[in-house]
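Residue-level listing of the chains:
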Amino acid sequence: MSLMSNLSTSMISSSSSAFLAPTSFNSSRSQSVSVPVKSIKICKCVATPQEQQQTAYKTKVSRNSNIAKLQAGYLFPEVARRRAAHLLKYPNAQVISLGIGDTTEPIPDVITSAMAKRSQALSTLEGYSGYGAEQGEKALRVALASTFYSNLGIEEDDIFVSDGAKCDISRLQVVFGSNVTMAVQDPSYPAYVDSSVIMGQTGQFQKDVEKYANIEYMRCTPENGFFPNLSTVAKTDIIFFCSPNNPTGAAATREQLTRLVQFAKDNGSIIVYDSAYAIYMSDDNPRSIFEIPGAKEVAIETASFSKYAGFTGVRLGWTIVPKQLLFSDGFPVAKDFNRIVCTCFNGASNIAQAGGLACLSPEGLEAMQEVIGFYKENTKIIVETFNSLGFKVYGGKNAPYVWVHFPGRNSWDVFSEILEKTHIVTTPGSGFGPGGEGFIRVSAFGHRENVLEACRRFKQLYN
Amino acid sequence: MYKLLACCSMASGISLQPKMVQASLGVQKQGNGHCTNVPRNVNLEKLQNNYLFPEISKRELQHLDKYPSAKVISLGIGDTTEPIPEKISLSMANYAHALSTAEGYRGYGAEQGNQVLRKAIAETFYKNVLIRDQEVFVSDGSQCDISRLQLLLGSKVTIAVQDPSFPAYIDSSVIIGQAGDFQDKTGKYQNIVYMQCGPENNFFPDLTTTPRTDIIFFCSPNNPTGHAATRKQLQQLVEFARDNGSIIIFDSAYAAYITDDSPKSIFEIPGAKEVAIEISSFSKFAGFTGVRLGWTVVPEELLFSSGFPVINDFNRIVCTCFNGASNIAQAGGLACLSSEGFQRNRTTECLLENSQAICSVIDYYKENTKILVNTFASLGLKAYGGVNAPYVWVHFPGLKSWNVFSEILEKTHIITVPGSGFGPGGAEYIRVSAFGQRERIMEASWRLEKLISNEKALFNSVENKE
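Counting of residues starts from 1 at the beginning of each chain's written sequence and follows it residue by residue. The order in which chains are written sets their letters, starting at A; the order in which ligands are written sets their numbers, starting at 1. Residues qualify for local features only when their pLDDT is at least 70, as the model is predicted, and side-chain atom pairs are given and counted only at 80 or more; totals for whole chains, interfaces and linings, by contrast, use all residues. To obtain the side-chain values, all non-hydrogen atoms of the structure were included, while hydrogens and water were left out.

- Chain B is annotated in an unreviewed UniProt entry as AGD2-like defense response protein 1 isoform 1 of Theobroma cacao.
- Under the heading Cofactor (unreviewed entry), UniProt records this for chain B: "pyridoxal 5'-phosphate".
- The Sequence similarities (unreviewed entry) comment attached to chain B in UniProt states, word for word, "Belongs to the class-I pyridoxal-phosphate-dependent aminotransferase family. LL-diaminopimelate aminotransferase subfamily." UniProt positions are given in the numbering used here, feature names are shortened, and annotations may be inferred rather than shown by experiment.

- Chain A goes by LL-diaminopimelate aminotransferase, chloroplastic isoform X1 in an unreviewed UniProt entry, where it is assigned to Theobroma cacao.
- Per UniProt, chain A carries the Cofactor (unreviewed entry) text "pyridoxal 5'-phosphate".
- Note on chain A: under the UniProt heading Sequence similarities (unreviewed entry), the record states "Belongs to the class-I pyridoxal-phosphate-dependent aminotransferase family. LL-diaminopimelate aminotransferase subfamily."

Quick look at the structure:
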């Protein structure tokens, strides 16, 4: 197998998007796509050494043993690989993507106009700006504080604007370093575990239990209402917690989060609270960890415009590190985070930030709510479909994800079966951890007609 | 329980050196405040000061507080000042508008970057050296790429840097745990090899006396010295890397400023693909310092000692720790390069509209640089660089660079960057950046002339030896 074909396989990214230029590679989620035929093979991207010709020059630099611990490619490029392979097999298939949680609806005008305006201003003397503050533009930080955290005592200088939660998670790991232990929900968004492995916090992957040594996996199942039994959770330095949850869609109650904060306090732990889907909350659950008294001394919160404003490609998010959060020696965590932000980052794009500011205007907020309402309606349709087919369905109320139980079945098998028989891409639950085995995550982002068509196909398959 | 970390590493005595800034967050730990049990990352404890450029900003603000009506001219942080050419910002505006339409909306892009842009970068900058599209990874800039490369390499590799050098190489190395402890005596981190670059060795390290390290950071044209390595020098470097089984990380952020025959890419050197990674950026040639766009080239031929391709691991990092550069910024990048290509021949004649506009901005900054070089030369000071980079590296023999920085700031309201911020090899030097509006460059020149000629004695002093 040639080096090149091997690499082209492993290089397929989570999505293929293109600019409007006519010569560009176009990808549309609602029509059949032709993938350029390179020598793409179905190949699981595994972390094992490639075979090289004897004469190929090798440096003397050792491969990072932490990265070698990773078992496969990151989950979502893996899903994309399967999708691409499927398209090769069925070039005329009308593939519908309910896999990767990729937003599909256009961004409201009020927001894109602001970005267009800022772009054009960069061509003028008065409007040109170079390097921005690494922590983000002041106006945006102020707006974030007042929009989402007023009355919670979170101030603008506690807020660090970024190019998204995934990047922030890695930057937080860089702050923490390799000598901390962490706990994650099981199942959970794969970036927490993967970044932990890369950072060197974990031991080897243990195939028999499908877990990395040294990570505490907090099982979240229908049986425990998708909230871990904290009395059985070992103490760790860091606790990653996502609510509303990706992938289960579960939203933690005020009572549960109060217990979590107490747990962290008792153990001297830091909670990294992922609130990327907070705006999808329908119930009266906390949207921010800082609604819980005492949270400022134990928690960091990360958030994103991706699923709020369709900014998945625009790239904008934020992380809150309260002043009150201290390391064991009393040193403020925010100071170290700031140092990382200044050294390992150079600020989110100024154009994206202009968009973010527009999102938080009254008009912008209203427009965002409309799009979110649309995705929520999608979610309802999907929930109803699976319910009507007799499945046990979770989530879907407070998050754009539906977590469907296929008891006793291997989730990659179910994924493949669904893909093969209905041309629908979902995400296999085991990709989110061993606790996800037996589940499929169906994401509710998509054009309405695609969601309706997908539901028709599900009904056909499972009736 | 709250330890005060006053690290005044650079030298004793004069307190103009940067000190570890205490909680500018203004919080003192109260008696009853809760401390977590999470230990601070020991690597971050090893950092001696704030990152250099926020420190410079801080000084600027302090100065403005002191002299609210001063007309401060910033020749410090290399921040671009000239507007982005209209066609390019229009492309970005159009792309933004299109995101509001069903046909034009795009969600997640490929983490490695838009395919068309990757191809354009490969064809524009690496056409003759056969770098493939899939070897180009689009990013939100070099500073971020440097850290992602450190994540890739991990804590167990050793690095060499030029001395002086762009501080992110060293700082990111410390953060990831490669660097060992800081040694006050030498001003260096224990495990890092510092390759002295000065006028005495034509700003190219003596490789015969350089110990082997896994990684060699090399920036050309150089920030801060402005020196562009010659073809011969880079051949030596590639050979050195090859002999030692090392990987060069070549920073070509300023390649667009080269005016002579110096190589613009490490891949112009035969054999480089098996020993080098190249990073670059739209910041300084397109004014994208705020827009955020850059790229890294990892050749498929580059292998770890086990034979495992480095590109596979870099791709994994990019997919896991990053989510792609902003699609709007990428649209702008594509416009910069335009489908016809960013062709530039040796006489700096630009052939195409968009690139023409970019070339005139670069030429504008180059003219600024010339003015500054002449100013210092006329004052009898040795000024290096300035030919292939938008930086002038001025020597003040016998003086401490932070002192010179402060003196210049105090007396002329001009911000520069003290050389020792770039490493002990920068002692006695000041970096003057040439970004700025022409009138301000002229004004700055005039003020500097006045100061230095009036205080010849002070600036030629040999008393304050570093």
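Now that the structure has been shown, we can carry on.
### Considering the nonpolar core
Turning to step 1, where the next piece is worked out: Core analysis: the biggest nonpolar cluster contains 169 residues, and F176, I238 and F458 of chain A together with L152, Y189 and I215 of chain B have the highest contact counts within it.
Turning to step 2, where the next piece is worked out: With residues up to four places along the chain from it excluded, the contact list for F458 of chain A reads L98, T385, F386, L389, I418, I424 and T426 of chain A.
Turning to step 3, where the next piece is worked out: Definition of nonpolar core: a set of buried residues of the types Ala, Val, Leu, Ile, Met, Phe, Trp, Tyr and Cys, connected through side-chain atoms within 4.5 Å. A 1.4 Å probe rolled over the protein chains alone gives each residue an accessible area, and that area as a share of the maximum for its type sets the label: buried under 20%, exposed over 50%, partly exposed in between. Grouped together as the second largest cluster of nonpolar side chains are 127 residues, A264 and Y308 of chain A together with V291 and C336 of chain B included. Between two residues, a contact is recorded if the distance between any of their heavy atoms is within 4.5 Å.

### What to know about the interface of chain A and chain B
Turning to step 1, where the next piece is worked out: With 116 residues of chain A at the contact, the number on the chain B side is 128 residues.
Turning to step 2, where the next piece is worked out: What gets called buried area is simply the loss in accessible area from a 1.4 Å probe that two parts show on being joined, summed for both. Taken together, the two surfaces of chain A and chain B that pack against each other cover about 10200 Å², and 59% of this comes from carbon and sulfur.
Turning to step 3, where the next piece is worked out: We count a salt bridge whenever a side-chain nitrogen from Lys or Arg sits within 4 Å of a carboxyl oxygen from Asp or Glu. Linking chain A with chain B are four salt bridges.
Turning to step 4, where the next piece is worked out: In this structure, R63 of chain A and D313 of chain B form a salt bridge, with 2.7 Å as the shortest nitrogen-oxygen distance.
Turning to step 5, where the next piece is worked out: Under the rule applied, a polar contact is a pair of N or O atoms within 3.5 Å (in protein, one hydrogen donor and one hydrogen acceptor; residues adjacent in sequence only if both atoms are side-chain atoms). Across the chain A-chain B interface, the total number found is 47 residue pairs in polar contact (both at pLDDT 80 or more).
Turning to step 6, where the next piece is worked out: By the criteria applied, helices consist of DSSP H or I runs no shorter than four residues and strands consist of E runs no shorter than two, each listed in order from the N terminus. For the side of chain A that touches chain B, the secondary-structure elements that each account for two or more residues are α1 (3-10), α4 (109-121), α6 (165-176), α7 (190-199), α8 (254-267), α9 (306-309), α10 (333-344) and α11 (350-359) of chain A.
Turning to step 7, where the next piece is worked out: Considering each element in turn, the side of chain A that touches chain B owes the most residues, eight residues, to α10 of chain A.
Turning to step 8, where the next piece is worked out: Looking at side-chain class alone, the side of chain A that touches chain B contains 52 nonpolar, 42 polar and 22 charged residues. Only Asp, Glu, Lys and Arg are considered charged, only Ala, Val, Leu, Ile, Met, Phe, Trp, Tyr, Cys and Pro nonpolar, and every remaining residue, Gly among them, polar.

### Brief notes about the pairing of strand β12 (residues 401-405) of chain A
Residues and elements named next belong to chain A.
Turning to step 1, where the next piece is worked out: By the criterion of burial, β12 is predominantly enclosed, with four of the five residues buried.
Turning to step 2, where the next piece is worked out: With three bridges joining them, strand β11 (residues 393-395) and β12 adopt antiparallel strand pairing. Opposite V393, over in β12, you have V404 as the bridge partner.
Turning to step 3, where the next piece is worked out: DSSP calls a pair of strands paired once it identifies at least 2 bridges connecting them. Turn length for the β11-β12 hairpin, with the two strands adjacent in sequence and antiparallel, is five residues, and the turn residue G396 shows positive phi of about 80°.
Turning to step 4, where the next piece is worked out: When β12 meets strand β15 (residues 439-443), the two strands line up antiparallel, connected through five bridges. Within the sheet, the bridge partner assigned to H405 lies in β15 and is F439.

### So, the state of the cysteines
Turning to step 1, where the next piece is worked out: Defined by distance alone, a disulfide is two cysteine sulfur atoms within 2.5 Å. Inspection of every chain in the model, using the stated rule, returns zero disulfides over all chains.
Turning to step 2, where the next piece is worked out: C242 of chain A supplies the cysteine sulfur nearest to C220 of chain A, a cysteine that is in no disulfide, at a spacing of 10 Å.

### Brief notes about the side chain of D313 of chain B
Turning to step 1, where the next piece is worked out: Mapped onto the secondary structure, D313 of chain B falls in helix α9 (residues 310-321).
Turning to step 2, where the next piece is worked out: Relative accessible area serves as the criterion here: at 2%, D313 of chain B is assigned to the buried category.
Turning to step 3, where the next piece is worked out: Filtering out sequence-adjacent residues up to four positions away, D313 of chain B remains in contact with R63 and I67 of chain A together with L152, F304 and F308 of chain B.

### Some remarks on the environment of H405 of chain A
All names here are of chain A.
Turning to step 1, where the next piece is worked out: For H405, the location among the structural elements is in strand β12.
Turning to step 2, where the next piece is worked out: Take H405: its relative accessible area is 21%, and that puts it in the partly exposed class.
Turning to step 3, where the next piece is worked out: On a C-alpha basis, the gap between H405 and R441 in space is 9.1 Å, while along the polypeptide they are 36 residues apart.
Turning to step 4, where the next piece is worked out: If we ignore the near neighbours within four places in the chain, the residues touching H405 are F391, K392, Y394, G438 and F439.

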